[in-house]
Amino acid sequence: MMKRLATMTAACALTAVAATAEEVRVYNWSDYIDESLLEKFEQETGIDLVYDVFDSNEVLETKMLAGGSGYDVVVPTGTFLQRQISAGAFQKLDKSKLPNLENMWDVIADRTSKYDPGNEYSINYMWGTTGLGVNEPKVREILGEDAPVTSWDLIFKPENAEKLAECGIHMLDAPAEMIPAALNYMGEDPDSHDPDVIARAEEVLMPIRPHIQKFHSSEYINALANGEICLAVGWSGDVLQARDRAAEADNGVEISYYAPDEGAQMWFDQMAIPVDAPNPEGAHVFLNFIMDAQNMATASNYVYYANGNEASQEFLAEDVIGDPAIYPTPAAMDNTFTTTPYPVRVQRVVTRLWTKIKSGT
Amino acid sequence: MRRWLLIGIPYLWLLALFLVPFLIVLKISLSDVALARPPYLPQLDLSAGWEGIKTFFAGLDFDNFVFLTTDDLYWRAYISSVQIAGLATLFTLLVGYPIAYGMAMAPDHWRPTLMLLVILPFWTSFLIRVYSWMGILSSEGLLNQFLLWIGLIDQPLTILNTNVAVYIGIVYTYLPFMILPIYATLEKMDGALLEAAEDLGCSRLTAFWLITIPLSKQGIIAGCFLVFIPTIGEFVIPSLLGGSGTLMIGKILWEEFFNNRDWPVASAVAVVLLLILIVPIILFQRNEQKQREREG
């Protein structure tokens, strides 16, 4: 009896120890960090890091709205962040615990305050544009030397899409980005919330849908790099990661990224702390760690996305800070547009249109 | 007392694992979408007492079910799911029956090994097995490489992201559920019946049609239901192996839930799916009961 009691006490003591070992749970986009940073965080702070990934804002949002996700730090895109803030999903940041806030870049903070007024709830992690990932030699081989690789014509003109279908086209499975892109191409307001205007996006997207091999938001990185496809509508840094993977594999595939001439959507991925985070204290430690100039530069150098951290810029590699596909020139920045969240009824129209485009019904 | 306890436990399971979750889904399907956490109204406020319960019930309505009739997308998705599930069940039967037959006819000492081989895939995660099919069926995949190598085709076939891949995925995944019940009935079959048929001048094929098939009918029916019922609501296989044109209700449900954040409509879709499934489930139960009566 005594012995049994002793083992039980030992077992209880063990669980107690396990419970006190501090843990931070982070839920971020896939392929979106240099993993050496995760180890560095654990070594510097002694906090255990649980790092999970997702590839769609919709999945994250459902977890946030359901509550009890168990995550301490999540990374929604600006429009989604704005809606989740109004649903009461996040807690205000305690800025006294974030001394590295001084590193942040006012140009980006100014733009993100559109979604999070005063940046009360979030910090910018990365930002980028939605544009074209092109296997240039292949595309020029099919369409000729004067292929419009820097224009939405490349995919939105049915005759181009039809010819390129044989080497494979992927499109983001993200209606909140593809429909604004189509509207912008037509000369309509990309941020329109008018169902009649949104419906017109069908005129651009429907004729090209038979030529799209897959609607997916993460597979295109590998597909571009392996040469399985020659065109993808994708996110800037993801396409550049594909470019590097292809170069590493030395398989003769050459990928370029273009934010199209007609204008590209600019988006901001923001780190925020859920209102029911189990360890908000640790979440602040993580945010402050990420905002360190060196750490943020390490992340950007690895994922090829621009960040909202001005102090990090001196540590950025030349092929990051010097690449206009990552850090656009001020003129190119002016040629971007942003969107705002759809109200529920309009969201239904957008989703229905997207289902129609994806399935043809 | 002990008898009640014995009968009570399974019903308690049914209550906890089926009825309570169903009532929660039903409740959500009668509420309205809202920008809140969780994203629907009304919420049951028990602290307000009886008044709270009254206002809660006053806020429920059938609008979401009416909505499902306004767009033919839902009906086409239900019908397409039933079609895909029906055809996939047929294919599974065509593949599964010969395997079960072979197992039942195999020498006694082989049977445990054969049985093990059928169950073995369950030791690996279902998701990983579906992913490996993506590797097999893709245009640079093993299957195309093999066919190109033996010279049967000179262009890779597009199988991944089509309905063909969905059928392959379903047949592969659900095959054990077809094999096991058929094997169970075939194994019990008295071999002397076949000998008698042959003695009386029946050819082997006729004997198979007249004796083996009817005697394994219960197994065939059980296997078909076990494949058909879960396949209708299948989400993972069509979303990983299917193309954008694969219309199945599981995918529609996902879109309602994740893209529209409309939990009430998503729940209504789920309730209607359950109503559609109740018919085959009841038929399945009847079949099982008949079999038990016959054996009892």
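Residues numbered from 1 in each chain as written. Chains lettered and ligands numbered in written order. Predicted model: local features only at pLDDT ≥ 70, side-chain atom pairs only at ≥ 80, totals over all residues.

Going by what an unreviewed UniProt entry lists, chain B is known as ABC transporter permease subunit and is assigned to Lutimaribacter degradans.

Per an unreviewed UniProt entry, chain A goes by Polyamine ABC transporter substrate-binding protein and derives from Lutimaribacter degradans.

### As for the overall build of chain B
Let me state the cut-off plainly: Counting from the N terminus, the helices are the DSSP runs of H or I reaching at least four residues and the strands are the DSSP runs of E reaching at least two. Labels follow a simple rule on C-beta atoms placed from the backbone: if 20 or more others lie within 10 Å of a residue's own, it is buried; if 12 or fewer, it is exposed; otherwise it is partly exposed. Whether two residues are in contact depends on their C-beta atoms, placed from the backbone: they are in contact if these lie within 7 Å.
Check the secondary structure of chain B and you find 14 helices and two strands. Dimensions of chain B, computed from the C-alpha atoms along their principal axes, are close to 80 × 65 × 35 Å. Within chain B, buried positions represent 29% of all 296 residues. Of the contacts made within chain B by residues no fewer than 6 positions apart, 71% connect residues no fewer than 24 positions apart.

### Concerning the overall build of chain A
We count it as follows: Each radius of gyration reported is based on C-alpha atoms, and the globular scaling rule is 2.2 Å times the count of residues to the power 0.38.
Helix and strand counts for chain A come out as 18 helices and eleven strands. By the compact-globule yardstick of 21 Å for 361 residues, chain A fits well, its C-alpha radius of gyration being 22 Å. Oriented by its inertia axes, the alpha-carbon framework of chain A measures out at about 80 × 50 × 45 Å. Counting the 361 residues in chain A, one finds 49% classified as buried.

### Looking at the nonpolar core
Put simply, the rule is: Residues enter a nonpolar core if they are buried, belong to Ala, Val, Leu, Ile, Met, Phe, Trp, Tyr or Cys, and are joined to the set through C-beta atoms within 7 Å. All domain edges in this entry derive from an automatic or database-based domain assignment.
Among the nonpolar cores identified, the biggest contains 108 residues, and Val73(A), Ile155(A), Ile169(A), Ala182(A), Leu224(A), Leu231(A) and Phe286(A) are the most heavily contacted of them. The leading source of residues in this core is helix H9 (residues 175-186) of chain A, at seven residues. Both of domain 1 (23-127 + 267-327) and domain 2 (129-266 + 339-359) of chain A provide at least three residues apiece to this core. Leave out the neighbours within four places in its chain, and Ala182(A) touches Phe156(A), Ala201(A), Val204(A) and Leu205(A). Formed by 48 residues, the second largest nonpolar core is a distinct cluster that contains Ile84(B), Ala104(B), Met248(B) and Ala266(B).

### Concerning unusual backbone geometry
The peptide bond linking Arg37(B) to Pro38(B) adopts the cis configuration, its omega dihedral lying at -5°. By the element assignment, Pro38(B) lies in the loop between strand S1 (32-33) and strand S2 (40-41). Backbone torsion omega between Leu41(B) and Pro42(B) reads 0°, so that peptide bond is classified as cis. In this fold, Pro42(B) is placed in the loop between S2 and helix H2 (49-58). In this model, Tyr304(A) sits at a positive phi of 60°, which is unusual for a non-glycine residue. Note on placement: Tyr304(A) falls in the loop between helix H15 (293-303) and strand S10 (306-307). Looking at Tyr304(A), the number of C-beta atoms within 10 Å reads 24, which means it is buried. In the Ramachandran plot, Arg261(B) falls in the positive-phi region, its phi being about 55° despite a non-glycine side chain. Structurally, Arg261(B) is set in the loop between helix H13 (249-259) and helix H14 (263-295). By C-beta crowding, Arg261(B) is classed as buried, having 24 other C-beta atoms within 10 Å.

### What to know about the domain arrangement of chain B
Residue and element names in this part refer to chain B. Heads up, the rule is: In the scheme used here, Gly and all other residues not listed as nonpolar or charged are polar, with Ala, Val, Leu, Ile, Met, Phe, Trp, Tyr, Cys and Pro taken as nonpolar and Asp, Glu, Lys and Arg as charged.
What the domain assignment lists for chain B is domain 1 (24-61) and domain 2 (65-295). Between domain 1 and domain 2, the C-alpha centre-to-centre distance is 39 Å. In this assembly, ten residues from domain 1 lie in contact with eight residues from domain 2. A total of four residues in the side of domain 1 that touches domain 2 trace back to one element, the largest contributor, which is helix H1 (residues 2-29). Its residues placed into classes, the side of domain 1 that touches domain 2 shows seven nonpolar, two polar and one charged.

### With respect to the domain arrangement of chain A
All names here are of chain A. When its domains are assigned, chain A resolves into domain 1 (23-127 + 267-327) and domain 2 (129-266 + 339-359). Taken together, the contact between domain 1 and domain 2 spans 14 residues of the former and 16 residues of the latter. For the side of domain 1 that touches domain 2, the element with the most residues is helix H4 (residues 78-86), which contributes three residues. Grouping the constituent residues of the side of domain 1 that touches domain 2 by class yields seven nonpolar, four polar and three charged.

### A few points about the pairing of strand S2 (residues 48-54) of chain A
Residue and element names in this part refer to chain A. We count it as follows: Only strands joined by at least two bridges in the DSSP assignment are considered to pair. Look down the strands so they point away from you; if the path from the first strand over the helix to the second goes clockwise, the crossover is right-handed.
When strand S1 (residues 23-29) meets S2, the two strands line up parallel, connected through seven bridges. Its bridge partner being in S2, Val 24 is matched across the sheet by Leu 49. For the crossover that starts at S1, traverses helix H2 (residues 36-45) and ends in the parallel S2, the hand is right-handed.

### Observations concerning helix H11 (residues 217-232) of chain B
Rules: Expected helix span is given by 1.5 Å per residue-to-residue step, counting one fewer step than there are residues.
A rise of 1.5 Å per residue sets the reference length of H11(B), with its 16 residues, at 22 Å; its end C-alpha atoms lie 23 Å apart and thus fit the reference within 8%. The inward-facing, buried residues of H11(B) contact helix H4 (72-105), helix H8 (163-188) and H14 of chain B.

### Considerations on the interface of chain A and chain B
Contacts between the two partners involve 26 residues from chain A and, on the opposite side, 20 residues from chain B. Breaking the side of chain A that touches chain B down by element, the ones donating at least two residues are helix H3 (57-66), H4, strand S6 (214-215) and helix H18 (344-359) of chain A. When grouped by side-chain class, the residues that make up the side of chain A that touches chain B number eight nonpolar, eleven polar and seven charged.

### Quick look at H3(A)
In plain terms, the rule: Directions drawn from the helix axis to the C-beta atoms are what define this arc.
Buried within H3(A) are the following residues: Asn57(A), Glu58(A), Leu60(A), Glu61(A), Met64(A) and Leu65(A). What you see down the axis of H3(A) is that its buried residues fit within an arc of 160°, all on one side. The elements touched by buried residues of H3(A) are S1, S2, strand S3 (73-74) and H4 of chain A together with H13 of chain B. Gly67(A) occupies a position one or two residues after H3(A) and carries a positive phi of about 80°.

### A word on the packing of H11(B) against H14(B)
Residue and element names in this part refer to chain B. Applicable threshold: Angles shown run from 0 to 180 degrees and are taken between the N-to-C directions of axes, each axis being a line fitted to C-alpha atoms and, for helices, limited to the stretch in contact. Small angles under 35 degrees read as roughly parallel and large ones over 145 as roughly antiparallel, with 65 to 115 read as roughly perpendicular and the rest as oblique. For any pair of crossing helices, the crossing counts as left-handed if the nearer helix is rotated counterclockwise from the farther one by less than a right angle, and right-handed if it is rotated clockwise.
Following both chains from N to C, one finds H11 and H14 inclined at 155°, their axes separated by 10 Å at the closest point. Overall, the two elements H11 and H14 adopt an arrangement that is roughly antiparallel. Relative to H14, H11 is oriented so that their crossing is left-handed. Facing Gln 218, Ile 221, Ala 222, Phe 225, Phe 228, Ile 229 and Ile 232 of H11, the residues of H14 in contact are Leu 277, Pro 280, Ile 281, Phe 284, Asn 287, Glu 288 and Gln 291. Residue classes in the contact of H11 with H14 are distributed as ten nonpolar, three polar and one charged.

### A word on the environment of Asp31(A)
All names here are of chain A. Along the chain, Asp 31 turns up in the loop between S1 and H2. Judged by C-beta crowding, with 16 C-beta atoms within 10 Å, Asp 31 ranks as partly exposed. The contacts of Asp 31, once residues within four sequence positions are left out, are Ile 221, Asp 238, Gln 241 and Val 303.

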